[in-house]
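# Residue-level structure breakdown
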Amino acid sequence: MTDKEVRSTYTKVCDLIYDKRLKPAFDQLTILLALIQKGDWMDQKTDLEQNYQYMLQYAVNGISDPQQQIVYNRLRTDMLQLADKVENAYLTTYSSEYPYRQKRQFLQKKFPDDESIKKNLIQFHANSIVDNLLKESNVFVNSDGQNDYATSHDTTLSLVFNRLWLKACYSEYEETMLDMLIDNANVIAEDQCVLVSAITLGLLLMFDEKKFSLLISITTKSKGSIRIRGLIGLVINICLYNKRIQLYPNLISEITDLTKTPNFNSELMSVILQFITCLETEKISKELREEIMPEMMKESPFVKDKMDLNELMDDSSKPFKQNPDWDEKMDKWNFSDKVQRFAELQKNGADVFLNTFSSMKNHAFFNDICNWFVPFSTSNSYIRNAVGGQSGIQQLMDLITLNPLLCNSDRYSLVFGLMSMPENYRKMMEDGLKMQDEQIKEIKAEASKIGQSDSAENNRILSQQYWQDLYRFFKLHRERKDFFDPFNVAFKLYNLYFISELDDADKMYRTFAEFYLKKNYYHDAEVLFLRLYDKSRNNLDLLQKLGFCYQQQNEYEAALKYYEEAELLQSDNLWMMRMMANCHIRLKHYNKALMYFQILSTRHPDDMHLLLCIGQCYIGLKQYVDASQLFFKVEYLAPNNPKVWRSISWCAFMQNKMEQASVYLLKIDQKDLTAQDNINLGHIQWCCKRLKDSIFYYKKACILLNGDVDKLMNIIEADLPFLISNGINESQIPIVLDMIRYEV
C-alpha cells in the first residue's frame, strides 16, 4: 500500500467508528493490521471484536446493562487507538514524508537527561538576567561565553521540541518533564511557548489523550502568550478531532472547565476571527503584489520612506452590491486609493508582509523546525552569531523587530536580512536612527508591554502574531506538503462542538457570520446565519443577509425565499427590490423582474442601469419594439455606450432590421469587439446571405475563444432558432455549419 492508501483505510476505520458501524470498521481494521503483522495487535483486535459480539448477544437476549453505553464508547476508543498505532507504525517504518523521516532519526538519538534539560533551559534564564544587568551597567561581557550557553540552550530546546512533536503517545516521563518546565518561573516564557507549539504539532500528527489533557491544563493555568498559543493549539486540534474528542468524557470535562475561565469567550472569538483573517492572506498578497504596491511605487519611488501609514484616513467603500444599511456593522473598502487600502489592511490585522518575507526563509535558522515557533529574542544563538559584537546594530534591531505588526518568524528573517546588507548601507540606517532616539525609546516601551499584560489588546496582538507564524510554517516550510494544513479553506473553526454550549453562542455565531460576509466567504456566512435563522425567523437583517449569501453563490431560488420573507417585514426596501429583480432576471422570471425594475425606475428615473435592465426584461419577454424605444432613449441620455449599442443591435436583429443591427455593432471600436459581437455580426451577414462575410466574423470569434471550435459551434447552434426566425433556410443549416467547421 502507498501512504495515501494507508491513510485512506485508516480514515475509513475512524469514520465507520464515528458512525457506529463497528462490523465494517473491524473489517477495515483487519486490512490495516495485515500491513504490520504484529501478533499482539492482532490479538487485541480479536479480543475487541469478540467483546463486541458478546455485547450484541446480550442485547439480542434482552439483558439490560446500565453500563452498556460506557462500555460501548470505550470499545470505540480502543478501536481508534489500535488504528492509530497501526497507521503510525506503518508510516514510521516506510513513509518518505518529512515527519516520519524525522521520527526515524529521532529514535536513533540519545535524549538529554533531566539534569541536562534543567541546566540548559532553567539556568539559561538566570544567565540572561545577569547578562542584561551587566549590559545596562556597561560592564564587559565575554561574547564567546554568551554564545556557548545560548547554543547549548537552543540545542536542548530543539531536542525537547522534537521529542514532544514526534513522540506518538506521551508517557509519564513527558508529563513530568512538562510539569518541570511549564510550572517553573525559572524557565523563560519564550521556551514555554515553544513547548506548547510542540504539543500542538504533535497532536496534529497523531491523536493522544495525554497531549490533549496537557494542552488544556497549560491553557487553563497560563496567561499571556502561553495561554494564547495553548488556546490556538486547542481550537485547531479540537476542530480536527471534533467527533473523536466527544468519546473522551475526561477531556470533555476539562474543556468545559476551560470554557469557564475568565475572558474565555472573548479570547476564543478573537482567535477565530483572526484565523478567518488569515484565510485571506493569499488573496491579499496577490492584491499587494499586482495592484497596490505597483501603484504606490508609481506614485512615488520614496513613498515607503516618507509616509506614516498610521496617520492615513480610513474612510472607504465597498462595491454597491451589499445593503448600505449594513455599513455600521461592516467596514467598506475603497479600492481607488491604493495607499489607503494598504493602511486599512494593516489596521484590520491583515497579513501584509507575507510577500516581503516569503523569500527570506532560506536561512540556516529555518532548517530546524523548532525555530519556526520560537518567539523572537536577541538571546537566540543565531541572532548572537549574526550580530556579533557590532556596535550600533542593537538600536536598529530594536526599532524594527519590536514592531507589533511583525510576527516572530519575520523578525528573525528581517535581522538576518539586515546583517547580510553591505556595512555602509547599514551604517547609514544606524546614523539616521540616532537622530530619532526619543521616538525609538517610546516604541521600545510600548512593545515591551506586549506579553507582559493580559489585556484584550495585547492578547489580540499575540494571537495575530502567532497565527502568522503558523501560517508561514504551513505555507512556506520546504516540506510543507507533508504536513496537515489547518489553513485549508475546508477547516471550519466555528464548528467546534463546545461553542453551541457557551452562554454567548448566538452572539459568537453572529459575529463569525458577519465577519465571513465581510470577507466574501458567502457559504460560511450562510451556514452560520442559518443557525441563527432557526431561532429568529422574523429578523429583517438576518433574512436579507441570508438572501444575499445565496444570491452571491448563484442560488437564486433560495435567495428569493429569504428576500420574500424579508419583504413581508419591509415592503419598500429599494436595495432589496434591486436584489430580487436581479434574482428574477437570472431565473428568466422577466415579468417579475420588470415589475421591480419599473418601481425602482420611478424612484430613480435617471438611473441608466435601471433603464438597461428594463430593456433586458423586454428582450426576455420578446417585446423588441418596447426594448428598442427604451434603448434609444438611453442612447440619447448617455451616448457612446457600447452596452447600449449591443442591445439596440440585438433588438434590430430580432426585428429583421439587419442594416441597423450591423451599423450599431460596428460603432464599437474593433479592438473592443467580443467573441459574441463577432458571432452576432456573423449571424447578420448570414441572414443577409453574405456567407463569406459571415464566415469571416465567425473566424474572428473563434480566435477570441482561443481556437475553441466546439464552443463556437455550441453558441451558433444555440442561436439557430433566432436565425430561422429571420429567414434562414433550415435545410441549408447543416451545410453552412460544416462549411464553418472547415474554415475555422
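Figured I'd write up the structure that's included with this text. (Residues numbered from 1 in each chain as written. Predicted model: local features only at pLDDT ≥ 70, side-chain atom pairs only at ≥ 80, totals over all residues. Heavy atoms only, no water.)

On to the overall build of the chain, then. The helix and strand inventory of the chain stands at 38 helices and zero strands. A burial count over the chain gives 51% of its 744 residues as buried. Here the contacts in the chain between residues at least 6 apart in sequence split such that 66% fall between residues at least 24 apart. Carbon and sulfur atoms form 51% of the exposed surface of the chain, whose accessible area is close to 36300 Å². (Helix = DSSP H or I, 4+ residues; strand = E, 2+ residues; numbered from the N terminus. Buried < 20%, exposed > 50% of the residue type's maximum accessible area, 1.4 Å probe, protein only. Contact = heavy atoms within 4.5 Å. Areas by Shrake-Rupley, 256 points an atom, 1.4 Å probe, with all protein chains shown as cover.)

As a further point, take the environment of valine 235. The residue valine 235 is located in helix H11 (residues 224–240) in this model. If we ignore the near neighbours within four places in the chain, the residues touching valine 235 are Leu268, Val271, Leu493 and Leu496.

With that out of the way, let us pick up unusual backbone geometry. Residue glutamine 37 is not a glycine yet carries a positive backbone phi of 55°. When you line up the elements, glutamine 37 lands in the loop between helix H2 (22–36) and helix H3 (39–60). Note on glutamine 37: relative accessible area 63%, which makes it exposed.

Turning our eyes to something else, we now look at the side chain of serine 409. For serine 409, the location among the structural elements is in helix H20 (residues 408–419). When sequence neighbours within four positions are dropped, the list of residues in contact with serine 409 reads Lys361, Phe366, Trp372, Asp469 and Arg472.

Counting 214 residues, the largest nonpolar core has Leu268, Trp467, Phe498 and Phe597 as the members making the most contacts within it. If you tally residues by element for this core, the top one is helix H4 (residues 68–94), at 10 residues. Setting aside its immediate chain neighbours within four residues, phenylalanine 597 contacts Ala581, Asn582, Ile585, Leu610, Cys613, Ile614 and Cys617. The next biggest cluster of nonpolar side chains, apart from the first, holds seven residues, and it includes Ile284, Val352, Phe353 and Leu406. (Core = buried A, V, L, I, M, F, W, Y, C linked by side-chain atoms within 4.5 Å.)

The next point concerns the pattern of salt bridges. Side chains bearing opposite charge may pair, as long as their charged atoms lie close to each other. Under the definition given, this model contains 32 salt bridges. Linking arginine 510 and aspartate 541 is a salt bridge whose minimum nitrogen-to-oxygen distance equals 2.4 Å. Of the two residues, arginine 510 sits in helix H24 (residues 505–518) while aspartate 541 sits in helix H26 (residues 540–552), which places them 31 residues apart along the sequence. Owing to a relative accessible area of 19%, arginine 510 belongs among the buried residues under this scheme. For aspartate 541, a relative accessible area of 17% translates into the label buried. (Salt bridge = Lys/Arg side-chain N within 4 Å of Asp/Glu carboxyl O.)

This part is about empty space enclosed by the protein. Space left empty within the atom packing is revealed by a probe, the size of a water molecule, rolled over the atoms. Evaluation of the coordinates by the stated rule reveals five cavities of 30 Å³ or more. Here the largest cavity defines a volume of roughly 80 Å³. Phe124, His153, Asp154, Leu157, Ile188, Glu190, Asp191, Val374, Ser377, Ser379 and Asn380 together form the lining of the largest cavity. Mapped by element, the contributors of at least two residues to the lining of the largest cavity are helix H7 (143–166) and helix H9 (189–205). The element contributing the most residues to the lining of the largest cavity is H7, with three residues. Here the lining of the largest cavity is built from residues that sort into four nonpolar, four polar and three charged. (1 Å grid on protein atoms, 1.4 Å probe; cavity = no way out; pocket = protein on both sides within 12 Å on 5 of 7 lines; lining within 4 Å. Points joined across faces, edges and corners; volume = space filled by probe spheres on them. Nonpolar A, V, L, I, M, F, W, Y, C, P; charged D, E, K, R; others polar.)

Moving on: a nonpolar patch on the surface. A surface patch of nonpolar side chains, amounting to about 330 Å² of accessible area, comprises Tyr54, Tyr58 and Ile63. Looking at tyrosine 54, the relative accessible area reads 45%, which means it is partly exposed. (Patch = residues over 30% accessible without salt bridge, like charges linked within 9 Å, V, L, I, M, F, W, Y side chains within 5 Å.)

Bringing the packing of aromatic side chains into the picture now. Working definition: an aromatic ring pair is given by the centre-to-centre distance plus the angle between the planes. Inspection of every chain in the model, using the stated rule, returns 44 aromatic pairs. Seen from their ring centres, tyrosine 471 and phenylalanine 487 are 4.9 Å apart, and the 70° between their planes marks the pair as edge-to-face. One end of the pair, tyrosine 471, is in helix H23 (residues 456–476); the other, phenylalanine 487, is in the loop between H23 and H24, with 16 residues separating them in the sequence. Residue tyrosine 471 is classed as buried on the basis of its relative accessible area, which comes to 2%. Judged by relative accessible area, which is 5%, phenylalanine 487 ranks as buried. Cation over ring: arginine 163 sits above phenylalanine 111, and NZ or CZ is 4.6 Å from the ring centre. Just above the ring of tyrosine 521 sits the side chain of lysine 283; from NZ or CZ to the centre is 5.9 Å. (Phe/Tyr/Trp six-rings, centres within 6.5 Å; stacked < 30°, edge-to-face > 60°. Lys NZ or Arg CZ within 6 Å of the ring centre and 35° of its normal.)

Looking now at the environment of isoleucine 238. Inspection of the secondary structure assignment puts isoleucine 238 in helix H11. When the C-alpha positions of isoleucine 238 and tyrosine 497 are compared, they lie 8.2 Å apart, and in sequence the two are 259 residues distant. Setting aside anything within four residues of it in sequence, one finds isoleucine 238 in contact with Phe212, Ile245, Ile255, Leu496, Tyr497 and Phe498.

For the rest of this paragraph, the subject is the side chain of serine 647. Summarising the element assignment, serine 647 is placed in helix H32 (residues 642–654). At 3.2 Å, the side chain of serine 647 and the side chain of glutamine 616 are in polar contact. The residues contacting serine 647, other than those within four sequence positions of it, are Gln616 and Phe631. (Polar contact = N/O pair within 3.5 Å; in protein donor to acceptor, adjacent residues only side chain to side chain.)

Interhelical geometry of H24 versus H26 gives an angle of 40° and a closest axis separation of 12 Å. In this view, H24 runs oblique relative to H26, as classed from their interaxial angle. Between H24 and H26 lies a crossing whose hand is left-handed. Counted together, Arg510, Glu514 and Leu517 of H24 and Asp541, Leu542, Lys545, Phe548 and Cys549 of H26 form the full contact between these two elements. Among the residues forming the contact of H24 with H26, the class breakdown is four nonpolar, no polar and four charged. (Axes fitted to C-alpha atoms, helices over the stretch in contact; angles between N-to-C directions. Parallel < 35°, antiparallel > 145°, perpendicular 65-115°, else oblique. Left-handed = near helix turned anticlockwise from the far one by under 90°.)

Attention now goes to the environment of aspartate 113. Summarising the element assignment, aspartate 113 is placed in the loop between helix H5 (98–108) and helix H6 (114–136). At 2.8 Å, the side chain of aspartate 113 forms a polar contact with the backbone nitrogen of serine 116.

This brings us to the packing of H11 against helix H13 (residues 264–278). Contact pair H11 / H13: the axes reach a minimum separation of 11 Å and the direction vectors enclose 65°. When the axes of H11 and H13 are compared, the pair comes out roughly perpendicular. When you trace H11 past H13, the crossing you get is right-handed. Counting all contacts with H11, which are made through Arg227, Leu231, Ile232 and Val235, the residues of H13 involved are Phe264, Glu267, Leu268 and Val271. When its residues are assigned to classes, the contact of H11 with H13 shows six nonpolar, no polar and two charged.

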